[in-house]
Each structure stands twice: as structure tokens, then as C-alpha cells.
Amino acid sequence: MKVLVIGGGAREHALCRSLSLDPDVSALYCAPGNAGIAEVAELYPVDALDGAAVAALATELGAGLVVVGPEAPLVAGVADAVRAAGIPVFGPSAEAALLEGSKAFAKDVMAAAGVPTARSYVCTTPEEVDEALDAFGAPYVVKDDGLAAGKGVVVTADLAAARAHALGCDRVVIEEFLDGPEVSLFAITDGVTVLPLQPAQDFKRALDGDEGPNTGGMGAYSPLPWADPKLVDEVMASVLQPTVDELRRRSTPFSGLLYAGLAITSRGVRVIEFNARFGDPETQVVLARLRTPLASVLLGAATGTLHTEPPLNWREDAAVTVVIASHNYPETPRTGDPIEGLAEVAAEDAPEAYVLHAGTRREGDAVVSAGGRVLSVTATGSDLAQARERAYKAVGRIRLDGSQHRTDIAAKAAEGR
């Protein structure tokens, strides 16, 4: 099978890495890719938001499967264009991707499907915003209704800050604060069958101790030793399957990756948000633990044959990923800085630890930063403590001027807290 992956971040590098290890994949392409992905896939330039261009490239390459990584192309209908060209594609239609593209649409689907979530108001005027903020009180949870690359959510006890964020959005969802730890659970689905992956936890705040501004994610780990062993089954029954069934009932079947961001509250599991694609950086640790070859599972979702796939096979190992971000991320990240130490990690730490590229590009013989989140240093181990130790040892080899990373990824879980 020839596979084309659309995107150029660490999530896509993780996908390409797994697909490159799959014996069923005879050729692997990525568009546009990045400096790290170039080591495992052949890169092609493409506007990832241009469905016609993506479909034309897939046709030219003779791709038997297209995997759309980021959310923006999905909401823009890229998967629809590829399907219309007769090529199997892993990723939902633009209509179904509204589950991520519109928080208000997601709330409507959850209400119809009986999925437990936070109480919320959809607001379009300053008066509605003030009423909603007053109704829920602090801490305030304010979400831009549209796509915001993981940074459209403000959680704050500062009423003025909450109101300012709300008024800066055309349409906003204001909801009650959910207590308890957060969990990310992915599921692969063809619109009928739902195949859950292993849960992970990510770290959204920029600084240690969950301080600082919200980011796209600064690290993740899996498995979750503190989670109820029945969590996946519970979420399958109360969240994932009902959501897939409801979307099919609406004649907008969802096929691809359904991502449930969950809060384990004192009143039970509640959905914080849905995403319509693999999450970043959780994908990096989930795929590190997946033993089942990836291509046939993604193809099964794309072709409606997921029910014929055997159960997924998982490694017992734990996995930790630590994001190295550029100077001043997430505000105005600096780019163009040379990255050193990549060869040292490959020589000294592989295969237990490796580097997945996010915002990088090649300039001559050098690899330089080209985005806010630059690298995801990922490691596996017999437990979280060993995976953590290996990940941070590899992080220590990377040299990027002005870079930043959190030092507490998976620390509490590794200590049994």
C-alpha cells in the first residue's frame, strides 16, 4: 500500500514513523512534512487546505490511503475532495469535522446523544456573555466556537480576562468548570464500529506546575496508572459509541479519529471537548505503545471494514514525550534558530528514545526551528519513571537557543501520585 500523510507537525511525524515500520506500506509520502519526516517519507509541497490539490497529488502518487493529520484541512473539506477522487481517506467529512470545528455543534450532538458534559451557554452578544459568566462564576471557562489550534480556551479566575477573551470571539461557548484530572482518549471509527486506543494525559500549560499560558501541549504520557481500569469501557459506552451513532443518525457519519478530551470529575466522567483528529502530543505516546501495524487499521476506518480488524495489540511499556518549544512560545515564537544534538540522540539513545519533529525545516546541512513547538522528544520504558528518565536524558542533548520545556511531565504519575 502507498500511503500519503497530510501535515507537517510532530503528530504527522509520529504517524509517519509508525507507518514506515509497517510491512504493508510499500511507499510513504508526506505533504508538506518537515525536516524529521523527510528521514522516513518522501516529501511533496502542497497547500494542505486545498482539497483539489491534495486529491490531485494523491492520484498522481497512486496512493491507496490518504491520512489527514491536522484539523484545519478536515474542517476545510480536504477529506471530502480525496473521497470524491475515489481514494480511501482517513479523516472525517467537513460536516462531521464540525464536532471539532464548532464547540456549539459539539454541545448539540452531545445533548442529543445523552453524552455527559459541562453545562454551557452559547453567546454572541456582550449581554449574553455577562449573563453566562455571572451564572457560572469563577473559575471561568471560555471557549472560542471555532478552531484555535489548541489555544482558543481560557480558564481563569479573572473576570476581566474571561470577558475580554469572550468579546474577542464572534461566537463563544461559556461553560461550568469541571474539577478533576483530564484524560485524552482516542478512538478509530468507520462511522459504525468504534475501536478505542489507550488513554493518555497531556499538559497544556507552558510552565511547570501547570502555570503559565495555555499552549497546544507541552508533553504527554501513557498509560495512566491512576485511572480506573474500566475507564475505556465506560467512555466507550457513555461517550464514544453514542456520539458516533448520533452523527450517523444525522446522516453525517464520522469516520477517522474521534478524540474525547475528558475530565474525571467527582460526579463521573464528563466530556470537555471533541477533536476530529489525532491529538498532539498524545499521539506521540499512544503510537509508541501500539504494537499492531497501523496502516490496515486506518484503511479499515477509511473503507468501512473496521469490524474485520482483530483487537489492537499493545506493548506493556510506558511512554513519555516532552515538547521542546521555541523562545517566547506561545506568544510570538522565534524561528530560524539552529538545532543541534539530534544526531547524538539517534546515536546514544535510540531506539528507546527518539526525536519527532514539529516546527523544523532544513537549511543546507542544518536543521532550524520553524514554529512554536519545535520537537517532541519521546521515550519508552518498563514504567513511567524509566520512560521519563530516558526522555529527559535525550532532551538534555538537544541544543536550541532560547528554547523551553517543562521539567515535570509525568512526574506525579511516575511517583504514584
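Remember, it's a predicted structure, so these values are computed and weren't measured experimentally.

Neither face of strand 9 (residues 172–175) is open: one carries V172 and I174, the other V173 and E175, and all of them are buried. Strand direction decides the pairing type here: strand 7 (residues 140–144) and strand 9, joined by four bridges, are antiparallel. The residue bridging V142 from the neighbouring strand is I174, located in strand 9.

Quick look at the side chain of T215 now. Structurally, the position occupied by T215 is in the loop between strand 14 (211–214) and strand 15 (219–222). At 2.6 Å, the side chain of T215 and the backbone oxygen of K204 are in polar contact. Looking at T215, its side chain comes within polar contact range of the main-chain nitrogen of G217, at 2.8 Å.

Within helix 6 (residues 103–113), burial applies to K103, A104, A106, K107, V109 and M110. Check the buried side of helix 6 and you find it contacts helix 5 (94–101), strand 6 (120–123), strand 7, strand 9, helix 9 (231–249) and strand 17 (268–275). Phi turns positive one or two residues past the end of helix 6, at G114, with a value near 70°.

Attention now goes to empty space enclosed by the protein. Scanning all chains against the criterion turns up three cavities of 30 Å³ or more. Volume-wise, the largest cavity comes out at about 60 Å³. Taken together, L99, E100, K103, A106, K107, M110, K143, E175, I272, E273 and F274 make up the full set of residues lining the largest cavity. Of all the secondary-structure elements, those providing two or more residues to the lining of the largest cavity are helix 5, helix 6 and strand 17. It is helix 6 that provides the largest number of residues to the lining of the largest cavity, a total of four residues. The calculated volume of the second largest cavity comes to roughly 40 Å³. The wall of the second largest cavity is formed by A14, R17, S18, Q284, L287, A288, Y354 and L356.

As a working rule, side chains carrying opposite charge can pair if their charged atoms are close by. Considering all chains together, one arrives at 23 salt bridges under this definition. For the salt bridge of R397 with D349, the shortest nitrogen-to-oxygen distance reads 2.7 Å. Here R397, found in the loop between helix 13 (384–395) and strand 24 (399–400), pairs with D349, found in the loop between helix 12 (342–348) and strand 20 (353–357); they are 48 residues apart in sequence, far enough to count as distant. A cluster of three or more residues bridged by salt bridges with shared partners is formed by D108, E246, R249 and R250.

Now for the pairing of strand 17. Burial within strand 17 is extensive, with seven of its eight residues counted as buried. Relative to strand 17, strand 16 (residues 256–265) runs antiparallel, the two sharing seven bridges. For A263, the partnering residue across the bridge sits in strand 17 and is R270. Turn length for the strand 16-strand 17 hairpin, with the two strands adjacent in sequence and antiparallel, is two residues.

About the criteria used
Residues numbered from 1 in each chain as written. Predicted model: local features only at pLDDT ≥ 70, side-chain atom pairs only at ≥ 80, totals over all residues. Heavy atoms only, no water. Buried < 20%, exposed > 50% of the residue type's maximum accessible area, 1.4 Å probe, protein only. Helix = DSSP H or I, 4+ residues; strand = E, 2+ residues; numbered from the N terminus. Pairing = 2+ DSSP bridges. Polar contact = N/O pair within 3.5 Å; in protein donor to acceptor, adjacent residues only side chain to side chain. Contact = heavy atoms within 4.5 Å. 1 Å grid on protein atoms, 1.4 Å probe; cavity = no way out; pocket = protein on both sides within 12 Å on 5 of 7 lines; lining within 4 Å. Points joined across faces, edges and corners; volume = space filled by probe spheres on them. Salt bridge = Lys/Arg side-chain N within 4 Å of Asp/Glu carboxyl O.

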